[in-house]
Amino acid sequence: MELKRQLLFAEMIEPRTGELLRTPIDVRIDPLTGHSSRILPERGLMPAGDFDLEAYARENQPRCPFCPERIDRLTPKLPAAIHPDGRIVHGEAVLFPNLHAYSSHSSVSVYAPRLHYLPLELMTERLLGDNLAAQVAFARAVIAADPGSRWASINANHMLPSGSSLFHPHLQGIVDSEPTTLQRLLAEVPADQFAAYLETERRSGERHLGSTGRVEWLVSFAPIAPAELRAFIGEVPSPAELDDDLIAELAHGLALALTGYAEMGFQSFNLAIYGAPPGTDRYPLNLRLACRSNLKPFYRSDSTFLERLHWEGAIDLAPETVAQRLGNRFRR
Ligand SMILES: [Zn+2]
């Protein structure tokens, strides 16, 4: 597979020296969906965090509905047809319906009620594994109770810049009769194209991070968001079909990625695990993970008119640099 890219140059006269300035813009096409992305020279658009998240956590904690003192009283319960206990508990993770639903089945799952403050350097395989397991149980329960809802995804808005309205760290599940735009586009990609993309990245080595067994990780060639990683879970179309071993393996990879983000100075991220209906022929579960701007007063959002209204990434962190910074952590 050829990874398509085109180098453009912007020419201008430098204001102080009067010299001709040529700025390269590396336009890349995502090999799966055809979305394009502009890789810009590094210009400090994503500064590392210097905000005191812990102090901010202490300030907003007294009102948090997901903390132990309030979670039972202030969060909704699942209908009995989905789960007789009203909530799904796995290890420390607790899952309940999203009060602000995005779909006919919309869930929130906290890593632990006690973990109001959970910086990325403290994300562990166990916390991630428990939370993913709660989401997998939710997807299975919904599909069993409402067979028309077959499109499941597991997602995260982590910290305010990512779109999270509540500080307390959590995942979000959506199980619906209709796919989101990206779920639909990915499910339409021919299976051979996923295999060809992975093979091309394995051979080039520039963005391929490694395999943890059945899950393969790479840095996106044409990212829509900064430091965007992708993972492919072969021949498992829906999160509802993840077995315990795969949940543990996925949690291991996510912990490596998120602690890597922390080392790079980032604390906010988005995650999507895009499921297709269970049993979809040869669709590999697609995972996408990306950093967002760090939280601080008057921060700059990393999402501009290009990302929001043109569906075009404009990123000043070259994917190859991200791969170098994440290093060998995914290689066993
Ligand atoms: Zn809390």
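Residues numbered from 1 in each chain as written. Predicted model: local features only at pLDDT ≥ 70, side-chain atom pairs only at ≥ 80, totals over all residues. Heavy atoms only, no water.

### Here's the deal with the overall build of the protein
In terms of helices and strands, the protein carries eight helices and 14 strands. Radius of gyration (C-alpha) of the protein: 20 Å, near the 20 Å computed for a compact globule of 332 residues. In terms of overall dimensions, the protein has C-alpha extents of about 70 × 50 × 40 Å along its principal axes. For the protein, with 332 residues in total, the buried portion stands at 57%. (Helix = DSSP H or I, 4+ residues; strand = E, 2+ residues; numbered from the N terminus. Rg over C-alpha atoms; globule rule 2.2 N^0.38 Å. Buried < 20%, exposed > 50% of the residue type's maximum accessible area, 1.4 Å probe, protein only.)

### Comments concerning the coordination of the zinc ion
Looking at the zinc ion, one finds its protein donor set to be Cys64 (SG), Cys67 (SG), His116 (ND1) and His168 (ND1), positioned 2.1 to 2.3 Å from the metal centre. When the donors of the zinc ion are listed by position in the chain, the intervening gaps give C-x2-C-x48-H-x51-H. Highlighted residues: Cys64 in the loop between helix 1 (53-60) and helix 2 (71-74) and His116 in the loop between strand 6 (105-110) and helix 3 (125-145), separated in sequence by 52 residues. Take Cys64: its relative accessible area is 3%, and that puts it in the buried class. Residue classification places His116 among the buried positions, given a relative accessible area of 6%. (Donors = N, O, S within 2.8 Å, 3.2 Å for Na, K, Ca; no water.)

### Points about the packing of helix 3 against helix 6 (residues 244-264)
The geometry of helix 3 relative to helix 6 is characterised by a closest axis approach of 8 Å and an angle of 130° between their N-to-C directions. In terms of their interaxial angle, helix 3 and helix 6 are classed as oblique. As for how helix 3 packs across helix 6, the hand of that crossing is right-handed. Contacts from Glu125, Leu128, Gly129, Leu132, Ala133 and Val136 of helix 3 reach helix 6 at Ile247, Leu250, Ala251, His252, Leu254, Ala255 and Leu258. Among the residues forming the contact of helix 3 with helix 6, the class breakdown is 10 nonpolar, two polar and one charged. (Axes fitted to C-alpha atoms, helices over the stretch in contact; angles between N-to-C directions. Parallel < 35°, antiparallel > 145°, perpendicular 65-115°, else oblique. Left-handed = near helix turned anticlockwise from the far one by under 90°. Contact = heavy atoms within 4.5 Å. Nonpolar A, V, L, I, M, F, W, Y, C, P; charged D, E, K, R; others polar.)

### Comments concerning the pattern of salt bridges
In the structure shown here, the tally under the stated rule is 23 salt bridges. Glu312 is paired through a salt bridge with Arg38; the nearest N and O atoms lie 2.6 Å apart. Remark: Arg38 occurs in strand 3 (residues 36-39) and Glu312 occurs in the loop between helix 7 (305-309) and strand 14 (313-315); sequence separation between them is 274 residues. Note that Arg202 is salt-bridged to Glu216, the shortest N-O span being 2.5 Å. In this pair, Arg202 is assigned in helix 5 (residues 191-204) and Glu216 in strand 10 (residues 215-219), connecting sequence segments 14 residues apart. Arg202 sits in the partly exposed class, given a relative accessible area of 39%. Taking the relative accessible area as the measure of exposure, Glu216 reaches 13% and is therefore buried. Salt bridges linked by common partners bring Arg5, Asp26, Arg28, Glu201, Glu206, Arg207 and Glu320 together as one network. (Salt bridge = Lys/Arg side-chain N within 4 Å of Asp/Glu carboxyl O.)

### Overview of the sheet that holds strand 10
Strand order in the open sheet made by the 10 strands is 4-5-6-8-7-12-13-11-10-9, with antiparallel pairing throughout. If you trace the sheet from one side to the other, it starts and ends with strand 4 (88-90) and strand 9 (208-211), each paired once. In this sheet, adjacent strand axes meet at a mean angle of 15° when their direction is disregarded. The sheet contact formed by strand 9 and strand 10 spans three bridges and is antiparallel. Across the sheet, Ser211 pairs through a bridge with Glu216, a residue of strand 10. In this fold helix 3 packs onto strand 4, strand 5 (93-97), strand 6, strand 7 (151-158), strand 8 (170-176) and strand 12 (268-274), with an angle of close to 15° to the strand it touches most, strand 8. Together, strand 9, strand 10, strand 11 (229-233) and strand 13 (285-292) form the strand contacts of helix 5, whose direction differs from that of strand 10 by roughly 65°. (Pairing = 2+ DSSP bridges.)

### Quick notes on the nonpolar core
Counting residues in hydrophobic clusters, the biggest one holds 53 residues, and the most contacted among them are Trp217, Leu229, Tyr261 and Leu289. Secondary structure elements with two or more residues in this core: helix 3, strand 7, strand 10, strand 11, helix 6, strand 12, strand 13 and helix 8 (319-326). Per-element tally for this core: the top contributor is helix 6, with 12 residues. Sequence-distant contacts of Tyr261, defined by excluding residues within four places in its chain, comprise Leu120, Ala227, Glu228, Leu229, Phe266, Phe269, Leu289, Ala290 and Cys291. (Core = buried A, V, L, I, M, F, W, Y, C linked by side-chain atoms within 4.5 Å.)

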